[in-house]
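Single-letter residue listing:
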Amino acid sequence: MASWSRFNKIALLSLGAVGGSYVYYNINSTSEEKVGKNRVYNAWTTNYTPSVRWDQNWDLRSPESLVNKNKYMNDESDDNKYNEKLESVKSRSVRHLILIRHGQYHMDKKGDKERILTPLGRLQAEMTGKRLAALNIKWDLLVRSTMTRAQETAEIIAQHLRNDLPVRDCQLIEEGAPIPPEPPVGHWKPEKSDSARIEAAFRKYFHRAPPEQTEDSYTILVCHANVIRFFVCKALQFPPEGWLRISLNHGSITWVSINPNGSVILRALGDTGHMDPQYITSRNSRSCK
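Residues numbered from 1 in each chain as written. Predicted model: local features only at pLDDT ≥ 70, side-chain atom pairs only at ≥ 80, totals over all residues. Heavy atoms only, no water.

- If you check an unreviewed UniProt entry, the protein appears there as Serine/threonine-protein phosphatase PGAM5, mitochondrial from Arctia plantaginis.
- Regarding the protein, the relevant UniProt record gives this comment under Subcellular location (unreviewed entry): "Mitochondrion outer membrane".
- Its UniProt record gives the protein the following Sequence similarities (unreviewed entry) comment, quoted word for word: "Belongs to the phosphoglycerate mutase family. BPG-dependent PGAM subfamily." (UniProt positions renumbered as here; feature names shortened; annotations may be inferred.)

This is the structure:
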């Protein structure tokens, strides 16, 4: 029994040595595959392959996609013309999109016309309007969903902004079901899919500034939670089916900036810091709207 015990000890030590060598090899191997799996990189590291690459032409407005290079390949003078054409179609300003979720509303009513804001919802819209005014930004446009709760919220907000601010109605940003969420939820059973409409809304408002725009622009969109969180996922090139993992409070402010080079920055997500805690709400019932 004693000799058998010593054999066990030797075997275990040998296995430990082999296992340790394997781990050391995997951690310190210089092969691209092992480096990518096991190493933690510094923020400034560039020699690695990202899991998902950023699509530079996500809005179909990158200069290289707008100019046909084949037309400028004959001689050196054509190269100059090509570069001049690229410069002429480049964006030069930042587009700021401020997405506002409507205030709390009566979800127990039937039909959109009866689903008006609650007294608290009107108060939330007031506080959001005051917050936008306090930012001291020269707003360029206010776009509002044609649904009653968004219309009411936008009207209250507009009272705190400049009188000549252009206001437009847009059916594309009405509430709806963007795409089935992942992970799926049992209580989420939309009557229809609004994927095409909401995708069209994204294409309409989310893009880099046109080349003729010389100053940064600020557009307010008063709409709905499903639409806003789907927009955020799309703009950041995150999996769009993850939209339901984001929660937005009533009257909250979400701020997305689109830079001239097409990069996108999320400056605020569902911000309700302008409200005291007792005024903050996100849901009236089990509905995800």
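Past the structure itself, the notes keep going.
Re the pairing of strand 6 (residues 264–271)
Part 1 of the argument: Here strand 5 (residues 253–258) pairs with strand 6 via five bridges, running antiparallel. If you follow W255 over to strand 6, its bridge partner there is A268. (Pairing = 2+ DSSP bridges. Helix = DSSP H or I, 4+ residues; strand = E, 2+ residues; numbered from the N terminus.)

Quick notes on the nonpolar core
Part 1 of the argument: The biggest cluster of nonpolar side chains holds 29 residues, and the ones touching the most others in it are V143, I173, Y205, F206, L221, F231 and V264.
Part 2 of the argument: Taken together, the elements giving at least two residues each to this core come down to strand 1 (95–101), strand 2 (141–145), helix 7 (195–205), strand 4 (217–223), helix 8 (225–235) and strand 5.
Part 3 of the argument: The biggest single contributor to this core is helix 8, with eight residues.
Part 4 of the argument: If we ignore the near neighbours within four places in the chain, the residues touching V264 are W54, W58, A235, L236, V256, S257 and I258.
Part 5 of the argument: With 17 residues, the next largest nonpolar core counts I98, I137, L165 and V222 among its residues. (Core = buried A, V, L, I, M, F, W, Y, C linked by side-chain atoms within 4.5 Å. Buried < 20%, exposed > 50% of the residue type's maximum accessible area, 1.4 Å probe, protein only. Contact = heavy atoms within 4.5 Å.)

Focus on the confidence of the model for the protein
Part 1 of the argument: Per-residue pLDDT for the protein has a mean of 87; in total, 81% of the residues score no lower than 70.
Part 2 of the argument: Every residue in residues 285–289 is under pLDDT 50, and counting partners more than four places away or in other chains gives twelve contacts. (pLDDT = per-residue confidence, 0-100.)

Thoughts on the packing of aromatic side chains
Part 1 of the argument: All told, the structure shown has six aromatic pairs when counted by the stated rule.
Part 2 of the argument: Considering the side-chain rings of F202 and F206, the 4.8 Å spacing of their centres and the 15° angle between planes classify their relative orientation as stacked. With respect to burial, F202 and F206 carry one shared label: buried.
Part 3 of the argument: For the pair F202 and F231, a centre-to-centre distance of 6.0 Å together with 50° between the ring planes defines the contact as tilted. In this pair, F202 sits in helix 7 while F231 sits in helix 8, placing the two residues 29 residues apart along the sequence.
Part 4 of the argument: Exposure remark for F202: the relative accessible area of 2% places this residue in the buried category.
Part 5 of the argument: Clustering of aromatic rings is evident, with ring pairs tying together W58, F202, F206 and F231. (Phe/Tyr/Trp six-rings, centres within 6.5 Å; stacked < 30°, edge-to-face > 60°.)

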